[in-house]
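Next come the chains, spelled out residue by residue.
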Amino acid sequence: MKLELISFKLCPFAQRAIISLNTQKLDFKMTYINPMDPPDWFTAISPTGQVPLLKVDGQIVFESSVISEFINDISPTSIHPKDVVQKANNRAWIDFSSTMLGDLFNLVIGDEAAFNAAKKSLFSKLSKLEAVKSNKAFFNGESFNLIDIALAPIFMRLAWINEFTDNALSITEFKKISAWSDAILEVEEVKSSVVDGLDDVYYSNIEGREGYLSTLLVDE
Ligand SMILES: N[C@@H](CCC(=O)N[C@@H](CS)C(=O)NCC(=O)O)C(=O)O
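Residues numbered from 1 in each chain as written. Predicted model: local features only at pLDDT ≥ 70, side-chain atom pairs only at ≥ 80, totals over all residues. Heavy atoms only, no water.

Draft legend 1. Expanded view of helix α7 (residues 175-185). Inspection of α7 places Ile177, Ser178, Trp180, Ser181, Ala183 and Ile184 among the buried residues, and these make up the whole buried set. Buried residues along α7 sit in contact with α5 (112-132), α6 (146-164) and α8 (188-191). (Buried < 20%, exposed > 50% of the residue type's maximum accessible area, 1.4 Å probe, protein only. Helix = DSSP H or I, 4+ residues; strand = E, 2+ residues; numbered from the N terminus. Contact = heavy atoms within 4.5 Å.)

In structure tokens form, the structure reads like this:
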């Protein structure tokens, strides 16, 4: 099966697909596009105009959570729980975590009121996750699963923002979430899922958006 992932470098949704592909050790071609000026071939094949897209022998799979499930389906070992209720539950939390990426985006672009509203929304979701998180390294236990992959881009961006500011989004009040974030950010497939220097690109992106968060940046 020939796989090609179409994305742009800062996309957290695409990062989930990259981590899934790397965790499952599948070969794929990476193609980056400029979201501000998408090429005609991309507009022609993307139903939503969004990345990521996975091209599978010329056919298109879209939506990051579906792409990750597909990658799992074509791999010899599943990284979803076996138990069907737990699996359904994980899928629900994956959906839930996607809304946290919306909060993160609003945190980056918003004025002070929007920043505070997005932070409140994000932290309320973190507290819900804190209540259901296992006491083990990852969400379900000791194995790195799709649910952990879904959260990885969120934890990476929170860690970057805390590094760029005086811990403006510190999550230390959530003991299990903090340990979970540390464990996920140590996973090799998570570390290698972004190109070198992407943290600097994210910093510039925050600066360029000129939202309230940009006023909290500490010079690097
Ligand atoms: N629900 C989609 C969201 C993907 C998404 O928001 N992608 C952003 C980039 S990170 C995008 O393509 N934005 C361009 C646009 O919306 O026109 C998924 O999970 O794949």
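From this point, the discussion proceeds with the structure in view.
Draft legend 2. Local environment of the packing of helix α4 (residues 84-109) against α5. Running from N to C, α4 and α5 cross one another at 155°; their axes reach a closest spacing of 8 Å. What the angle tells us is that α4 and α5 run roughly antiparallel. For the crossing formed where α4 meets α5, the hand is left-handed. Contact with α4, carried on its side by Trp93, Phe96, Thr99, Met100, Asp103, Asn106 and Leu107, involves Phe115, Ala118, Lys119, Ser121, Leu122, Lys125, Leu126, Lys128, Leu129 and Val132 of α5 and no other residues of that element. Considering only residue class, the contact of α4 with α5 consists of 10 nonpolar, three polar and four charged. (Axes fitted to C-alpha atoms, helices over the stretch in contact; angles between N-to-C directions. Parallel < 35°, antiparallel > 145°, perpendicular 65-115°, else oblique. Left-handed = near helix turned anticlockwise from the far one by under 90°. Nonpolar A, V, L, I, M, F, W, Y, C, P; charged D, E, K, R; others polar.)

Draft legend 3. Layout of the layout of surface pockets. Taken as a whole, the largest pocket spans an internal volume of roughly 860 Å³. Along the walls of the largest pocket sit 33 residues, with Phe8, Cys11, Pro12, Phe13 and Phe105 positioned nearest its centre. Secondary structure elements with two or more residues in the lining of the largest pocket: α1 (12-23), α3 (64-73), α4 and α9 (198-209). Considering each element in turn, the lining of the largest pocket owes the most residues, seven residues, to α4. Composition of the lining of the largest pocket by domain shows at least three residues from each of domain 1 (3-73) and domain 2 (84-215). Considered as a void within the structure, the second largest pocket measures approximately 150 Å³ in volume. Phe155, Leu158, Ala159, Asn162, Ser170, Ile171, Thr172, Ser178, Ser181, Asp182 and Leu185 are the residues that line the second largest pocket. Contributions of two or more residues to the lining of the second largest pocket are made by α6 and α7. Residue classes in the lining of the second largest pocket are distributed as five nonpolar, five polar and one charged. (1 Å grid on protein atoms, 1.4 Å probe; cavity = no way out; pocket = protein on both sides within 12 Å on 5 of 7 lines; lining within 4 Å. Points joined across faces, edges and corners; volume = space filled by probe spheres on them. Domains from an automatic or database assignment.)

Draft legend 4. Quick look at the pairing of strand β2 (residues 29-32). Sheet analysis places strand β1 (residues 3-7) next to β2, joined by four bridges and oriented parallel. Counted as the bridge partner of Ile6 is Thr31 from β2. With respect to chirality, the unit in which β1 leads through α1 into the neighbouring parallel β2 is right-handed. (Pairing = 2+ DSSP bridges. Right-handed = clockwise from strand over helix to strand, strands pointing away.)

Draft legend 5. Here's a closer look at the domain arrangement of the protein chain. As assigned here, the protein chain comprises domain 1 (3-73) and domain 2 (84-215). With centres defined by C-alpha atoms, the gap from domain 1 to domain 2 works out at 21 Å. Every contact between the two is made by 18 residues of domain 1 and, on the other side, 23 residues of domain 2. With both sides pooled, the region where domain 1 packs onto domain 2 buries about 1700 Å², and carbon together with sulfur makes up 63% of that total. In terms of surface lost to domain 2, no three residues of domain 1 exceed Leu10, Gln15 and Arg16, which account for 37% of the buried area on that side. (Buried area = accessible area lost by both parts, 1.4 Å probe.)

Draft legend 6. Focus on the environment of Phe174. Along the chain, Phe174 falls in the loop between α6 and α7. Leave out the neighbours within four places in its chain, and Phe174 touches Phe123, Leu126, Ser127 and Glu130.

Draft legend 7. Up close: the sheet that holds β2. The strand order across the open sheet built from four strands is β2-β1-β3-β4, with neighbouring strands paired in mixed fashion. The outermost strands of the open sheet, each flanked by one partner alone, are β2 and β4 (59-62). Across this sheet, the average inter-strand angle for adjacent strands is 25°, counted without regard to direction. The strands touched by α1 are β1 and β2; relative to β1, the strand with the most contacts, the crossing angle is about 155°. Seen against the sheet, α3 touches β1, β3 (53-56) and β4 and runs at an angle of roughly 115° to β4.

Draft legend 8. Up close: the site of the ligand. As a matter of local geometry, the ligand sits amid Phe8, Cys11, Pro12, Phe13, Gly49, Gln50, Val51, Pro52, Glu63 and Ser64. At 3.1 Å, a side-chain N or O of Gln50 approaches an oxygen atom of the ligand. Measuring from a nitrogen atom of the ligand, one finds a side-chain N or O atom of Glu63 at 2.8 Å. Among the detected pockets, the ligand sits in the largest pocket. When grouped by side-chain class, the residues that make up the shell around the ligand number six nonpolar, three polar and one charged. (Near = heavy atom within 4 Å. Polar contact = N/O pair within 3.5 Å; in protein donor to acceptor, adjacent residues only side chain to side chain. Sits in = over half its atoms within 2 Å of the grid points.)

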